[in-house]
Amino acid sequence: MSNINQARNDGTGFPPIESSNDAADNTAELIKQDEYKKAQRERIASFKVGGIDMAGNTISKVYSRGDEYVIYEIANHPPHESMRVIIDSEIESDMTKILLFQDCKIHFDEFISTCYKYNCSSIYKKRAATILSSIILGRGNLTTNPFKNIIDEIESDYKSTMFGRNIYQLGAITLSLIIITFSLVAYLCRETEFLKHNHFLTIVFYVAAFASMGGFISVSLKIKSLHTDRELNGWAYFFNGAERILFSVIAGVLVFFMLKSNMIFGFLNTSSDISFSIYVICALSGFSETLIPNTLRNLETKAENPS
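Residues numbered from 1 in each chain as written. Predicted model: local features only at pLDDT ≥ 70, side-chain atom pairs only at ≥ 80, totals over all residues. Heavy atoms only, no water.

Digging into the pattern of salt bridges
Then step 1. Evaluated as defined, the whole model comprises seven salt bridges.
Then step 2. When the shortest N-O distance is used, the salt bridge between Lys 97 and Glu 68 registers 2.7 Å. Here Glu 68 lies in the loop between strand E1 (59-65) and strand E2 (69-74) and Lys 97 lies in helix H4 (residues 96-118), a separation of 29 residues in the sequence. For the pair Lys 97 and Glu 68, one class covers both residues: buried. (Salt bridge = Lys/Arg side-chain N within 4 Å of Asp/Glu carboxyl O. Helix = DSSP H or I, 4+ residues; strand = E, 2+ residues; numbered from the N terminus. Buried < 20%, exposed > 50% of the residue type's maximum accessible area, 1.4 Å probe, protein only.)

Here you go:
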């Protein structure tokens, strides 16, 4: 009777509901959320250079990091597979940031494809990570391709690099062909009175020709590692390439005089001016940028320590 009267006094027609079960459920849910958030923070914090990601890959670079995401790069993978994105929300059921990333993923994949195609530097990946961070945080504009400017700049940078390398190589081969042409003319005209009385001049032309060939081979092999500058015009690259051949010629001539004076490789020195072994050494001196400096350094060491 007392319960019925109490229910009527409450105006509900039913006995009051005990709140102890709800309080226990809420407490358990809060504990569960705290445990998840703590584990989530530990997972995000574990993404650092040299660490291992969830797939077992070694992290080589971290481009951007937030409370709920990490944009990083893994080692020992091709460029189009190395850049990774991890989104780990603080609230387990929150899919907002994942959906934002999915909305821009088609553009992000286009950027990755461009990086692979043109072998772009890491600075572009850093810029892309900054844009992607803004999108994940809900601050980016998805009405247009947010990576378009970076993609256009990568393509422009690649064209500028290829132009510089081609002009550099053109300058190198131009001077090399000029020197080889002079050496051939000197050889064909070696019976003239002038060259008979100055026969040593033809030998110098031969040496310069072999050294220039070695220099051009070196330029061709190392052209992919050539650093280019957008501010330079075509003539600057052209003269830089010609300058590289000029250094090769100077190195070849110096080596020739060292050989003739028995300063280096004296066993190759012969009485004949036409010694193919000497010309090969001159070509190698034109090919190697360190042969002359190392040789001079060794001579200096011997002079300082005659014993």
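On we go.
Some remarks on the layout of surface pockets
Then step 1. For the largest pocket, the calculated volume is near 450 Å³.
Then step 2. Tyr 118, Asn 119, Tyr 158, Thr 161 and Arg 165 are, among the 19 residues lining the largest pocket, the residues nearest its centre.
Then step 3. Listing elements by their share of the lining of the largest pocket, those giving two or more residues are H4 and helix H6 (148-188).
Then step 4. The leading source of residues in the lining of the largest pocket is H6, at seven residues.
Then step 5. Its residues assigned to classes, the lining of the largest pocket comprises seven nonpolar, six polar and six charged. (1 Å grid on protein atoms, 1.4 Å probe; cavity = no way out; pocket = protein on both sides within 12 Å on 5 of 7 lines; lining within 4 Å. Points joined across faces, edges and corners; volume = space filled by probe spheres on them. Nonpolar A, V, L, I, M, F, W, Y, C, P; charged D, E, K, R; others polar.)

Observations concerning the packing of H4 against H6
Then step 1. As a packed pair, H4 and H6 sit with axes 10 Å apart at the nearest point and diverge in direction by 10°. The angle between H4 and H6 falls in the class roughly parallel. Contacts between H4 and H6 involve Glu 110, Phe 111, Thr 114, Cys 115 and Tyr 118 from the first element and Ile 150, Ile 151, Ile 154, Glu 155 and Tyr 158 from the second.
Then step 2. Considered class by class, the residues forming the contact of H4 with H6 number seven nonpolar, one polar and two charged. (Axes fitted to C-alpha atoms, helices over the stretch in contact; angles between N-to-C directions. Parallel < 35°, antiparallel > 145°, perpendicular 65-115°, else oblique. Contact = heavy atoms within 4.5 Å.)

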